[in-house]
Amino acid sequence: MTIANKEKDGRNDLLNGSEPPMDAEGLRRSIVGRLSLSMGLDADSAGLRDWYNAVVLSLRDRLMTRWLHSQRAYEQADAKRVYYLSLEYLIGRNLSNAALSLELEEEVKAVVEELGLDLERLCDIEPDAGLGNGGLGRLAACFLDSLAALQLPGFGYGIRYDYGIFSQAFAASGEQVELPNNWLRFQHMWEMPREALQYRVRFGGRTVPHPEDPVRRDWIDAQEYIAVAYDLPVPGYQSQTVNHLRLWSAQASADFNLSLFNAGQHAEAMAELNAAEHLSQVLYPDDRTEQGRELRIRQQYFFVAASLQDILATYHRRHKTLDALPDKVAIQLNDTHPALAIPEMMRLCIDEYGYTWNRAWEITTGVFSYTNHTLLPEALEKWPVATFERLFPRHMEIIYTINKNLMEEVAERYDHDINRMQRMSLIDEQTRSVRMASLAIVGSHKVNGVARIHSGLMQSTVFQDFNEFYPGRFINVTNGITPRRWLLEANPRLAALASRHVKGWERDLERLTALVPLADDAQFRDEFADVKYRNKARFAHFVREQLGIELDPSSMHDVQIKRIHEYKRQLLNLLYVISRYLRLRDDPAADLVPRTVIMSGKAAPAYMVARHILKLINNVAAVINSDPVTSDRLKLVVVPDYSVTLAQKIIPAADLSEQISTAGMEASGTGNMKLSLNGALTIGTLDGANVEIRDAVGDENIFIFGLTAKEVAARRAQGYRPAQIVEKNAELRRVLDLVADGHFSPDSPHEYRSLIDSLVADGEHFLVLADYEAYVAAQDKVDALYRDPEEWNRKAIINMANMGYFSSDRSIADYASKVWGIGPVDPAG
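Small disclaimer: the values here were computed from a predicted structure and weren't measured.

A.B. asks: Would you take a moment to explain the environment of Ala 816 for this structure?
C.D. replies: Relative to the helices and strands, Ala 816 is located in helix H35 (residues 808–820). For Ala 816, a relative accessible area of 6% translates into the label buried. Discounting chain neighbours no more than four positions away, the residues touching Ala 816 are Leu 152, Gly 821 and Ile 822.

A.B. asks: In this structure, what is going on with the packing of aromatic side chains? I would like to understand it.
C.D. replies: Within a pair of aromatic rings, the relevant descriptors are the distance that separates the centres and the angle that separates the planes. Evaluation of the coordinates by the stated rule reveals 22 aromatic pairs. Ring plane angle 80 degrees and centroid distance 5.9 Å describe the contact between Tyr 74 and Phe 155, whose orientation is recorded as edge-to-face. Of this pair, Tyr 74 sits in helix H3 (residues 48–77) while Phe 155 sits in strand S2 (residues 154–159), placing them 81 residues apart in sequence. Their ring planes at 40 degrees and their centres at 6.4 Å tell us that Tyr 414 and Phe 469 sit as a pair that is tilted. You can see Tyr 414 sitting in the loop between helix H16 (393–413) and helix H17 (418–424) and its partner Phe 469 sitting in helix H20 (residues 464–469), a full 55 residues away along the chain. Judged by relative accessible area, which is 22%, Tyr 414 ranks as partly exposed. Take Phe 469: its relative accessible area is 3%, and that puts it in the buried class. Through successive ring pairs, a cluster of aromatic residues spans Tyr 74, Tyr 83, Phe 155, Tyr 157, Tyr 199 and Trp 248.

A.B. asks: I keep staring at helix H11 (residues 290–315) and nothing clicks. Help me out?
C.D. replies: Note that an α-helix has 3.6 residues per turn; residues three or four places apart therefore point the same way. Look at H11: 38 Å from first C-alpha to last across 26 residues, which is about the 38 Å you get at 1.5 Å a residue. Judged by how many residues are buried, H11 sits mostly within the fold: 20 of 26 residues are covered.

A.B. asks: Sorry if this is basic, but what is going on with the packing of helix H24 (residues 570–586) against helix H25 (residues 608–625) here?
C.D. replies: Geometry of a packed helix pair, given as the angle between the helix axes and the separation of the axes. The interhelical angle for the contact between H24 and H25, taken along N-to-C directions, is 20 degrees, at an axis separation of 11 Å. Between H24 and H25, the crossing angle belongs to the class labelled roughly parallel. Crossing hand, H24 versus H25: left-handed. Of H25, the residues touching H24 (which contributes Gln 570, Leu 571, Leu 574, Val 577, Ile 578 and Tyr 581) are Ile 613, Leu 616, Ile 617, Val 620, Val 623 and Ile 624. Of the residues contributing to the contact of H24 with H25, the split by class is eleven nonpolar, one polar and no charged.

A.B. asks: I tried to follow the sheet that holds strand S15 (residues 446–449) on my own but got confused; where do I start?
C.D. replies: Sheet strands pair by backbone hydrogen bonding; their relative direction is either parallel or antiparallel. Across the sheet, which stays open at both edges, the nine strands sit in the order S5-S8-S9-S2-S1-S10-S11-S15-S16 with mixed pairing between neighbours. With one partner strand each, in any of the chains shown, strand S5 (192–203) and strand S16 (474–476) form the two edges of the open sheet. With strand direction ignored, the average angle separating the axes of adjacent strands in the sheet is 25 degrees. Pairing between strand S11 (residues 368–371) and S15: three bridges, direction parallel. Note on S15: the bridge partner recorded for Tyr 370 is Val 447. Along the sheet face, H3 touches strand S1 (81–85), S2, S5, strand S8 (223–235) and strand S9 (242–252) and points at about 100 degrees away from the line of S9.

A.B. asks: Whenever I open this one, unusual backbone geometry confuses me. Can you help?
C.D. replies: Comment: phi is negative for the bulk of residues other than glycine, and the bulk of peptide bonds are trans. The phi dihedral of Asp 335 falls on the positive side, at around 75 degrees, and the residue is not glycine. Given the relative accessible area of 7%, Asp 335 is considered buried.

A.B. asks: How do you make sense of the nonpolar core when you look at a structure like this?
C.D. replies: It is characteristic of soluble globular proteins that their nonpolar side chains tend to be buried jointly. In this structure, Trp 51, Phe 302, Ile 331, Phe 388 and Trp 820 are the most contacted members of the largest nonpolar core, which totals 155 residues. In terms of residue count, the dominant contributor to this core is H3 (twelve residues). In this view, Phe 302 contacts Ile 159, Val 201, Phe 203, Ile 226, Ala 227, Trp 248, Ser 249, Ala 250 and Leu 279; residues no more than four positions away in its chain are not counted. Listed in part, the 125 residues of the second largest apolar core include Leu 572, Ala 709, Phe 766 and Met 803.

A.B. asks: Would you explain the sheet that holds strand S13 (residues 427–428) in this entry?
C.D. replies: Spatially, the three strands line up as an open sheet ordered S12-S14-S13, and their pairing is antiparallel. Unpaired on one side and paired on the other, strand S12 (382–384) and S13 mark the two borders of the sheet. Across three bridges, S12 lies against strand S14 (residues 433–435) in antiparallel orientation. Each residue of the ladder has a partner; that of Pro 384, found in S14, is Ser 433.

A.B. asks: Even after reading the chapter, I still don't get the side chain of Thr 662, so can you show me in this structure?
C.D. replies: Examined against the element boundaries, Thr 662 turns out to sit in the loop between strand S20 (656–659) and helix H27 (671–677). Excluding residues that lie within four positions of it along the chain, Thr 662 makes contacts with Tyr 567, Arg 569, Asp 687, Val 712, Arg 716 and Phe 766.

What counts, and where the lines are drawn
- Residues numbered from 1 in each chain as written.
- Predicted model: local features only at pLDDT ≥ 70, side-chain atom pairs only at ≥ 80, totals over all residues.
- Heavy atoms only, no water.
- Helix = DSSP H or I, 4+ residues; strand = E, 2+ residues; numbered from the N terminus.
- Buried < 20%, exposed > 50% of the residue type's maximum accessible area, 1.4 Å probe, protein only.
- Contact = heavy atoms within 4.5 Å.
- Phe/Tyr/Trp six-rings, centres within 6.5 Å; stacked < 30°, edge-to-face > 60°.
- Expected span 1.5 Å × (residues − 1).
- Axes fitted to C-alpha atoms, helices over the stretch in contact; angles between N-to-C directions.
- Parallel < 35°, antiparallel > 145°, perpendicular 65-115°, else oblique.
- Left-handed = near helix turned anticlockwise from the far one by under 90°.
- Nonpolar A, V, L, I, M, F, W, Y, C, P; charged D, E, K, R; others polar.
- Pairing = 2+ DSSP bridges.
- Core = buried A, V, L, I, M, F, W, Y, C linked by side-chain atoms within 4.5 Å.

Listed below in structure tokens is the structure:
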């Protein structure tokens, strides 16, 4: 059949409006039909992007058919729904994921090849939307995937940022350079604009008593903006369920002022339009300025206000009052960013629906639950009371009343314990700021940590008072990852090897335990090792093409991939790399395993220490990689612009997973899970989910080192003196001196002196040097094991096989039963 005839058949299929066929021939007809009817092109004039768009539209058609069936099923069942409110989502690319979920991966590949196209090049057309900063956003994406896979009625809400997390490049000096992430440069073909779904969001103004009810208040003289919805389909793997992620884009509530424009006052005429655009323009505007901080606050309220209106609109399709809201709606706050949803729901219940305070509080606390992701003080948001009073006058009144009621209860129960009351107050009186984590705790019926150690520390330290005050409110739900994205899609060779021996692991990751006996099978170990080598060779090709650096696939690939932060201790890793470099320089024949150390991650633009650390890493890499004495035995590769797509290239190639945060400071981590699932061994502290990974894989199959969380607290309390450690360790002293004296920064010899001084200063908060000796000893054990490839691969297989607990399907099942009270709904009946 000619291309022209194929185009005609495709046009007929679209015009008939029938349900899209799920076979290769039907898919081919859809693609060429979309190219013709939706895009006005024929095969001869279509470029690669045009074909990509046609393929996406064809797959989206099939997803939207299932989406409609899913929505009808939820509506007919009057099912309780969960709504996940998150300021971040790191979805990754969609094409491969959609094909896998529809079980059309082979058909897509065959049709694309038949059309003379390369599938990998086609996938590379899609931007990796950076609508998040790190683990928080990727966790949200995994959870949406699992909700759909488990056929649960669950939906995400967030912001459709015009520019996501910055694209990262490095200057010749090694300095990070931030570039705009213009993921919407071309039309995003996966999203569905919902222009009829528009809601008004207000800021500022004042409140006055309601004329008929003294409890209610009218919010007047406010500035209004419009939130417009855009949906991204979220398909369930081997499931008829398709849910969605709804993202809000901001628009002005009125057109620009033509009179001012004609009068030559162009900036003034466009002021309202520009102010609206700023609300959804950039993820995490720089908060070093007052304007940046206020914009963050405005973004948080913008998306929760729009989301709650939309949630209630859906609810009202079947229910006239809000009395049954907690029975039909669950709302999960992903960290403190959406915490303003609590006073907003109270405002709606009281001012818009006329409920009494007590009944409104019952409804609100019955609906909300809150996930805490960190105990770091800077991440426990506090916003100025004055700003809240100006932007959210009614919400601030509500927060004051919530706090008044809370303080009265605390005073009565604890005999007016002033210290406890000050700790538990929603208002920090010293800084006159609103404690958003405290607001989220008080306004939720469940509060969870994200790993066993994190939940324990949350209940025994930062939120101990609240845990005692609300017995049973605090629980643990350990994070998880979707095996569809992080094994089936990211590592198809390893997935295929697993599938030859275990069926159904994609939907029940616990089934991988059947691989444990095969760890003792020599043939299986050989096949596993071959997969790893091929993945490393593929990554080496990528690095050669992108960075011009030659890598040895037979070397150990030692990986640390995460955002740059002092508590994640990239510096500890770097100090060890330098010590290894010095050992090789001193004795080029030293019996050291060849290593490729791979690091990737972004530093927040305003986090100057992290930027300095990242620059040092680049400077050290430049020296090591150009040294002919060591370059064949040690490489340090810093891969720029870390993203979901880049992670899918690095993780399958990893041998060693660096999870070396200061104990007690990493809430959970999910990179540790992804790397273990892909057959990497972990070197790490007893922090976050490392504790549970150790329990799952066994002490003998993981390299644990360093102080525990309790020991960290004790060391800080007794007075930490890192200079004493340096005095006793000649190798460490030499490493520090080399950095401080400018060996890696010859053009600026004293550039890193302050960084080294901070490491040896009394009380250094992250205890980098306290764990150095133990870390080196653990790395020696890593080398020793890697020299025995049979034993290394045996342990790697055991790690992979015991990752079942860390599936996000298990996490979501826990939330569904312990927190949300929702069950599956099958669209197929």
